[in-house]
Amino acid sequence: MAEIILDNVVKRYPDGALAVDNFNLDIADGEFIILVGPSGCGKSTTLNMVAGLEDITAGKLIIDGQVVNDKAPKDRDIAMVFQSYALYPHMSVGENMGFPLKLAGVDKGTIQKKVGEAAEMLELTQHLDRKPSNLSGGQRQRVAMGRAIVRQPKAFLMDEPLSNLDAKLRVQMRTQVSRIQKSLGTTTLYVTHDQTEAMTLGDRVVVMRGGIVQQVGSPAYLYAHPVNLFVAGFIGSPSMNFLPGQLRGNGMVTTALGEMELPDRCRQAVERSKSSGNVILGIRPEHFEDASLVPGDKQGATFDAPIDIVEAMGSDVFAYFLMKGEEAHSADLDDLAKDTGNDLHADGVPITARLDAASHVQRGKTARLWYDSSKVAVFDAESGNNLAPGDEDVESSSAGAHRA
Amino acid sequence: MTTTPTPAAAEQATQPVDDGSLDIARQRFTDAKKAERKLGLLLVAPAVTVMLAVAAYPILYAFWLSLNRADLRRPNDNQFIWFENYVTVLSSPIWWTAFGVTMFITIVSASLELVFGMILAVIMHRTIVGRGLVRTSALVPYSIVTVVAAFSWRFAWTEDLGYLTPSGSAPLTEFWPSIWIIILAEVWKTIPFMALLLMAGLALVPEDLLKAASMDGANAWKRFWAITVPLIKPAILVALLFRTLDAFRVFDNIYILTNGANQTSSVSMVAYSNLIRGLNLGIGSTMAVLIFITTGIIAFIFIKAFGAAAPGADQGGRK
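Not measured: the values here are computed from a predicted model.

A.B. asks: Please set out the overall build of chain B residue by residue, giving values where relevant.
C.D. replies: Within chain B, the secondary structure is distributed over 14 helices and two strands. Taking 20 Å as the expected radius of gyration for a compact globule of 319 residues, we find that chain B reaches 28 Å, considerably beyond that expectation. Summarising its shape, the C-alpha atoms of chain B cover approximately 100 × 65 × 30 Å along the three principal directions. Residues classed as buried in chain B amount to 29% of the 319 residues present. Of the contacts formed within chain B by residues at least 6 apart in sequence, a portion of 69% connects residues at least 24 apart.

A.B. asks: Outline the overall build of chain A, listing residues and values.
C.D. replies: When you go through chain A residue by residue, the secondary structure sums to 11 helices and 20 strands. Taking 404 residues into account, the globule formula puts the C-alpha radius of gyration at 22 Å, and chain A, at 24 Å, falls close to it. In terms of overall dimensions, chain A has a C-alpha envelope of 75 × 45 × 40 Å along the principal axes. Considering chain A as a whole, with its 404 residues, one finds that 44% of them fall into the buried category. Contacts spanning at least 24 positions in sequence make up 73% of the contacts within chain A whose residues lie at least 6 apart.

A.B. asks: Quick one: what's the story with the sheet that holds strand S13 (residues 258-261) of chain A, residue by residue and with numbers?
C.D. replies: All names here are of chain A. Across the sheet, five strands lie side by side as S13-S12-S11-S14-S20; this open sheet has antiparallel pairing. Among the strands making up the open sheet, the edge pair consists of S13 and strand S20 (377-380). The average undirected angle you get between the axes of adjacent strands in this sheet is 40 degrees. Two elements, strand S12 (residues 252-255) and S13, share four bridges in a ladder whose sense is antiparallel. When the sheet's bridge partners are listed, Thr255 is paired in S13 with Gly258.

A.B. asks: Give a description of the packing of helix H2 (residues 93-103) of chain A against helix H3 (residues 108-121) of chain A that names residues and reports values.
C.D. replies: Describing two packed helices takes the angle between their axes plus the distance from one axis to the other. All names here are of chain A. Taken N-terminus to C-terminus, the directions of H2 and H3 make an angle of 130 degrees; their axes are 9 Å apart at the nearest point. With respect to each other, H2 and H3 are oriented oblique. As H2 runs across H3, the sense of the crossing is right-handed. Where H2 approaches H3, its residues Gly94, Met97, Gly98, Leu101 and Lys102 are matched on the opposing element by Ile111, Lys114, Val115, Ala118 and Ala119. A per-class count over the contact of H2 with H3 returns six nonpolar, two polar and two charged.

A.B. asks: How would you explain helix H14 (residues 281-306) of chain B if you had to name every residue and give the values?
C.D. replies: In an α-helix, one turn spans 3.6 residues; hence positions three or four apart end up facing the same way. Residues and elements named next belong to chain B. Given a rise of 1.5 Å per residue, 26 residues ought to cover 38 Å, and the 37 Å separating the end C-alpha atoms of H14 matches this to within 8%. Looking only at H14, the buried set comprises Leu281, Gly282, Ile283, Gly284, Ser285, Thr286, Met287, Ala288 and Val289. Those residues of H14 that are buried are in contact with helix H2 (21-66), strand S1 (68-69), helix H3 (84-90) and helix H13 (267-277).

A.B. asks: Run through the nonpolar core, naming residues and quoting values.
C.D. replies: Ranked by size, the top nonpolar core spans 169 residues in total, and within it Leu35, Met80, Leu157, Val206 and Val378 of chain A together with Leu198 of chain B carry the most contacts. Looking at this core element by element, the count peaks at 12 residues for helix H8 (residues 175-202) of chain B. Leave out the neighbours within four places in its chain, and Leu35 of chain A touches Lys43, Thr46, Leu47, Leu189, Tyr190, Val191, Val206 and Met208 of chain A.

A.B. asks: Which residues make up the interface of chain A and chain B, and what values do they have?
C.D. replies: Across the boundary between the two partners, chain A contributes 19 residues, which contact 19 residues of chain B. Those elements that provide at least two residues to the side of chain A that touches chain B are strand S6 (78-81) and H2 of chain A.

A.B. asks: I'd like to hear about the environment of Ile33 of chain A, residue by residue, with values.
C.D. replies: All names here are of chain A. Position of Ile33 among the secondary structure elements: in strand S3 (residues 32-36). On the basis of neighbour counts, which here come to 22 C-beta atoms within 10 Å, the residue Ile33 falls in the buried class. When the C-alpha positions of Ile33 and Ile149 are compared, they lie 17 Å apart, and in sequence the two are 116 residues distant. The contacts of Ile33, once residues within four sequence positions are left out, are Ile27, Thr188, Leu189, Tyr190, Gly202, Asp203, Arg204 and Val206.

A.B. asks: Can you tell me about unusual backbone geometry, naming the residues and giving the values?
C.D. replies: Here the residue pair Ser237 of chain A and Pro238 of chain A is connected by a cis peptide bond, since its omega of -5 degrees sits within 30 degrees of zero. Residue placement: Pro238 of chain A occurs in the loop between helix H8 (229-234) and strand S11 (241-247). A positive phi angle is found at Glu160 of chain A, which is not glycine, with a value near 45 degrees. One non-glycine residue, Gln263 of chain B, adopts positive backbone phi at about 60 degrees. For Gln263 of chain B, a count of 15 C-beta atoms within 10 Å translates into the label partly exposed.

A.B. asks: If you had to explain the pairing of S6 of chain A to someone new, which residues and values would you point to?
C.D. replies: Residues and elements named next belong to chain A. Burial of the side chains of S6 extends over both faces: Ile78 and Met80 are buried on one face and Ala79 and Val81 on the other. Pairing of S6 with strand S7 (residues 155-159) involves four bridges; the strand directions are parallel. Across the sheet, residue Met80 finds its bridge partner in S7, namely Leu157.

A.B. asks: Run through H2 of chain A, naming residues and quoting values.
C.D. replies: Residues and elements named next belong to chain A. By the criterion of burial, H2 is predominantly enclosed, with eight of the 11 residues buried. Among all positions in H2, only Val93, Gly94, Asn96, Met97, Gly98, Phe99, Pro100 and Leu101 are buried. Buried residues along H2 sit in contact with H3 and helix H4 (137-149).

A.B. asks: Describe the environment of Gln66 of chain A, with residues and values.
C.D. replies: Here Gln66 of chain A lies in strand S5 (residues 66-67). Separated by 62 residues in the primary sequence, Gln66 of chain A and Ile4 of chain A have C-alpha atoms spaced 9.3 Å apart.

A.B. asks: How would you sum up the confidence of the model for chain A? Please name residues and give values.
C.D. replies: Confidence along chain A averages 87 in pLDDT terms, with 95% of residues attaining 70 or more. In this model residues 392-404 of chain A is a low-confidence stretch, pLDDT under 50, and it forms 17 contacts with partners more than four residues away in sequence or in other chains.

A.B. asks: Got a sec to walk through the sheet that holds strand S19 (residues 366-371) of chain A? Specific residues and values, please.
C.D. replies: Residues and elements named next belong to chain A. Read across the sheet, five strands follow the order S15-S19-S16-S17-S18 without closing on themselves; strand pairing throughout is antiparallel. Only two strands of the sheet have a single partner each, and these edge strands are strand S15 (288-290) and strand S18 (349-356). Geometrically, the sheet is characterised by an average inter-axis angle of 50 degrees between neighbouring strands, direction not taken into account. Bridge count for strand S16 (residues 301-312) against S19 is six bridges, and the pairing is antiparallel. By the bridge assignment for S19, Ala301 is matched with Tyr371.

A.B. asks: So what's going on with the confidence of the model for chain B? Which residues, and what values?
C.D. replies: Residues and elements named next belong to chain B. Of the residues in chain B, 90% have a pLDDT of 70 or more, and the chain-wide mean is 86. Considering only residues more than four positions removed or in separate chains, one finds that residues 1-5, a stretch of pLDDT under 50, has two contacts. Note that residues 310-319 has pLDDT below 50 and, in this model, 16 contacts with residues that lie over four places away or in other chains. Model confidence for the complex is summarised by a pTM of 0.78, with the ipTM given as 0.82.

A.B. asks: Describe the packing of H2 of chain A against H4 of chain A, with residues and values.
C.D. replies: Residues and elements named next belong to chain A. Two elements in contact, H2 and H4, have axes whose closest approach is 7 Å; the angle formed by their N-to-C orientations is 30 degrees. With respect to H4, the element H2 is oriented roughly parallel. As H2 packs across H4, the resulting crossing turns out to be right-handed. Counting all contacts with H2, which are made through Val93, Asn96, Met97, Phe99 and Pro100, the residues of H4 involved are Val143, Gly146 and Arg147. When grouped by side-chain class, the residues that make up the contact of H2 with H4 number five nonpolar, two polar and one charged.

Conventions adopted
Residues numbered from 1 in each chain as written. Chains lettered and ligands numbered in written order. Predicted model: local features only at pLDDT ≥ 70, side-chain atom pairs only at ≥ 80, totals over all residues. Helix = DSSP H or I, 4+ residues; strand = E, 2+ residues; numbered from the N terminus. Rg over C-alpha atoms; globule rule 2.2 N^0.38 Å. Buried ≥ 20, exposed ≤ 12 C-beta atoms within 10 Å, placed from the backbone. Contact = placed C-beta atoms within 7 Å. Pairing = 2+ DSSP bridges. Axes fitted to C-alpha atoms, helices over the stretch in contact; angles between N-to-C directions. Parallel < 35°, antiparallel > 145°, perpendicular 65-115°, else oblique. Left-handed = near helix turned anticlockwise from the far one by under 90°. Nonpolar A, V, L, I, M, F, W, Y, C, P; charged D, E, K, R; others polar. Expected span 1.5 Å × (residues − 1). Core = buried A, V, L, I, M, F, W, Y, C linked by C-beta atoms within 7 Å. pLDDT = per-residue confidence, 0-100.

Take a look at the structure:
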């Protein structure tokens, strides 16, 4: 167990491509950190640099108080779980898990005992003599975890360990990974592009884009106070709805949903920022509601929505509709769309609303919807920055992402 | 099913319903199989015909000759003599000396080729800068005709003339120096071939496994022995098998370098001497058949020794 410090870490490839730029992060002992971002954002490169599989171009990597930039992977005492699991096909499950111990010169009895313990924890005991090729995907994944656990390393590095599993198993393994990490209390750096994993697993989440850290914070903080459109759009599923808007005087803003009064915290920030007047409004799906189910005294705005599609999930109802107007565009949002492969162009502003199960919205009919104007996020249309990212409260400053 | 099945209903469901449909299904299945097999046979027929003409016929003819007294110097004495030729050959010290020499050359050169071939393969596999140039230049020896290379080696080791010969010595006129020069020529020529086969194996080792091994605490040496070698065992087997069988039939290098002087003949040389120079078709064919049998035994031993890693064996363990 150890704390890991990345101090202005840079990765530049010989061809000049900048993969990671000025990465700063203090990972406390036992902390579970998630690196998340679209493919090619540098998260795996960062992980490989911590592992020692790629060298660090500039900056310092400190593990347990020691600068380890030039140490070979084997001398860093870190275990890694690969997306492909990287199990040795010619060794049995037991041999796979015992391999790091065997290399470390541990005697056979101890190896057997430790492998046995780990196998029990991962419910692999009856598979110890089988070859990886005879195991299911989930079992292989657990063997890969086991190989990391037996060594009791200073830290775990996990490179999208669950993305080769099918959806149901992934949910199961997610909880198991979390349980194992909590019970062992080992510092963990976990790379994923799945924002559900990012939200559920980590103590803190690092959102990356194009080699640059966008924001660091607890999942809940990132969800509620994204610093820019990119983080706002990346975190959350279904993702935040974005509507282009025009600032009017005295805190009013016009969007495809009509006129709305900005909440106080936004109004002051917007006035201070001297924004050009073009903004993008972000509204989370759950901040919409069927107007008939909202008590009249609750602050917010209402509008008429031509409902396209209704998905009743049992616990809630998802309503999809298009509002007239221009779709929101910015570099951040285009990046996100590229990552998800969503290059559809709608004739208007597509909106997803998550309504109460008691709602009676129907496909093809117009429904009166309400949204909570106090929860709206306001972004500058040009820079994509959140104009009122929330108070610089304790949580974000303790994140240590921007150390002086 | 929407209703919960009772135990009786479940039992009934597991019993196959005998309404004749099963027989029809089986019949269709076998019909399809038959048609497929017929098409398969038709498709391989041309190749089989050619193989019969160029391989099976000569082999059978050689075997037939080996059972006859067939000497072109005495064409009238031809006679079917069963295995008498085999007795003659197997009780001849010339054959056994040649056999020993051939075995020695085979084992030593195949081992050296494996070691150096592996080194070359790893170098070629790991080269980042000028990869094409490195690979091409490494293959030069293999692209030179063996006989030409052998002449060059003979010149290099010629007394007083050769640039490799220590002054005052004539290595190609002595037994052991000759053998080592033959081995050198063989090894020099076939390292690239070995390296190519091994490199194909190296390319199949997933990079992630080597990364995982280095995370698990293995240095380069341990990674090679614990991960790479077990994973490329099939490639090693193929390379070794090819080279062993090839080396056992060594002919051209010896023919040029020593021409079999000082008992440096290989079995192929001896067979050639009897068959072509001596015009003794019976004895020559017998030796050819014996060489054929020996290579068969070598191949068999290899496949047994490598077990599941042999080509064509179940590859369940590799993925």
